[in-house]
Amino acid sequence: MKAAVRTGGAIRFSAGAKAPRKPGMNEVLVSVRAAGINPIDYKLPKLLGGTVAGLDLAGVAVAVGHGVKGFKEGDEVFGFAKSGSVAEQALCDGAKLALKPKELAFTDAAALPTAYLTSLQALRTHGKLQAGGSVLVIGASGGCGLSGVKLAKALGAAEVVGVTSSKNAELVKAAGASRTVDYTSEAEMSALLSEGPTFDVVYDCATGSGKGEDYVKAAKAVLKPGGVTVAINGKLGDWMRLIFNMQPKGRKMMLTKQNSAELGELIKLLGTTGIEIDSLHELSEAGVDAAFDRLKSRRARGKVVITVMEAG
């Protein structure tokens, strides 16, 4: 089958990837229509991530294993793959899929799982965001950043401020930000810090992303007493503190918990339109290269999605 595979330390298109096995207990085999990609896809080595790249998908269930509840052959679904999502077919855990509403495009549905579920859990589970609260989203124009802005508004935040470049300011405001701060402007960043403890939740999508970004001190400076900074990246020491449950008060690293219930909640919170897609690419040699080049550029405005086959 056609797929994007990990080989030689890179992700490349293959027309001869091994198809997934038949679904076993609690598993669903999905004919993939679209696959969203994330930085974790190229950061994970083959030993941990498997041969086929990708986690996020939307498609049609073509076979359902024993014990699966809520899905049948022919259902349109979205969620997480266990065998790699950037492929013509993917094996999935039934507990990590949700039914896709007919009116939600496959490409939009494929953009949701990792970025939007991460943001929902960051804000609600870890950040304890309450209606009327205030949120600062650092790195607000990427996949997690934009989803964080949208979900903060959907969860009832009274103020959502996005840290982004000036060229992406209107995009972030359109997603729901009350205002934006240009991280390239020393004056604007200084003005933000001068506001002092302002935010109940700081959602840090930038620190540790790979280019030396470090907003730890800035986040601490603008966080209210009792508030929480939730980060999705960090240094090795940060990950070790997460693993051994030794995180400092007021700052948390997190790992996303994949589950069908919250995937369904995303639809209730966001509806079926307005998902920010940066670019669409075909499942081909040129398409896979272009998709991952765009993702690695760190200039994506929203989600990068690979279309696998036409809906029908």
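The sections below set out a description of the structure shown in this document. (Residues numbered from 1 in each chain as written. Predicted model: local features only at pLDDT ≥ 70, side-chain atom pairs only at ≥ 80, totals over all residues. Heavy atoms only, no water.)

Attention now goes to the pairing of strand β10 (residues 179–182). By the bridge criterion, four bridges tie strand β9 (residues 159–164) to β10 in an arrangement that is parallel. Each residue of the ladder has a partner; that of V163, found in β10, is V181. (Pairing = 2+ DSSP bridges. Helix = DSSP H or I, 4+ residues; strand = E, 2+ residues; numbered from the N terminus.)

With the exception of glycine, the majority of residues adopt a negative phi angle, and the majority of peptide bonds are in the trans configuration. In the Ramachandran plot, N26 falls in the positive-phi region, its phi being about 65° despite a non-glycine side chain. The phi dihedral of K128 falls on the positive side, at around 55°, and the residue is not glycine. Structurally, the position occupied by K128 is in the loop between α4 (113–126) and β8 (134–138).

Below, the discussion takes up the layout of surface pockets. Space inside the largest pocket adds up to approximately 1,300 Å³. P39, C205, S209, I232 and N233 are the residues nearest the centre of the largest pocket, which is lined by 46 residues in total. For the lining of the largest pocket, the elements supplying multiple residues, two or more each, are α1 (39–43), α4, α5 (143–154), β9 and β15 (303–307). For the lining of the largest pocket, the element with the highest residue contribution is α1, accounting for four residues. Of the residues that constitute the lining of the largest pocket, the class distribution is 22 nonpolar, 18 polar and six charged. Each pocket or cavity is described by its volume, and for the second largest pocket that value is around 330 Å³. Along the walls of the second largest pocket sit 17 residues, with L223, P248, K249, G250 and R251 positioned nearest its centre. Elements represented by at least two residues in the lining of the second largest pocket include exactly α8 (216–222), β12 (223–231) and β13 (251–253). Take the lining of the second largest pocket: its biggest share by element is seven residues, from β12. Per-class residue counts for the lining of the second largest pocket are six nonpolar, six polar and five charged. (1 Å grid on protein atoms, 1.4 Å probe; cavity = no way out; pocket = protein on both sides within 12 Å on 5 of 7 lines; lining within 4 Å. Points joined across faces, edges and corners; volume = space filled by probe spheres on them. Nonpolar A, V, L, I, M, F, W, Y, C, P; charged D, E, K, R; others polar.)

Another aspect to go through is the pattern of salt bridges. A full pass over the atoms with the stated rule returns 17 salt bridges. When the shortest N-O distance is used, the salt bridge between E27 and R21 registers 2.7 Å. According to the relative accessible area criterion, E27 is buried, its value standing at 5%. A residue is classified by how much of its surface remains accessible, and R21, at 48% relative accessible area, is partly exposed. With its nearest N and O atoms 2.7 Å apart, the salt bridge here joins E265 to R124. In this pair, E265 sits in helix α10 (residues 260–270) while R124 sits in helix α4, placing the two residues 141 residues apart along the sequence. Look at E265 and you get partly exposed, because its relative accessible area is 28%. Owing to a relative accessible area of 28%, R124 belongs among the partly exposed residues under this scheme. One salt-bridge network, in which partners are shared between bridges, spans R21, E27 and K82. (Salt bridge = Lys/Arg side-chain N within 4 Å of Asp/Glu carboxyl O. Buried < 20%, exposed > 50% of the residue type's maximum accessible area, 1.4 Å probe, protein only.)

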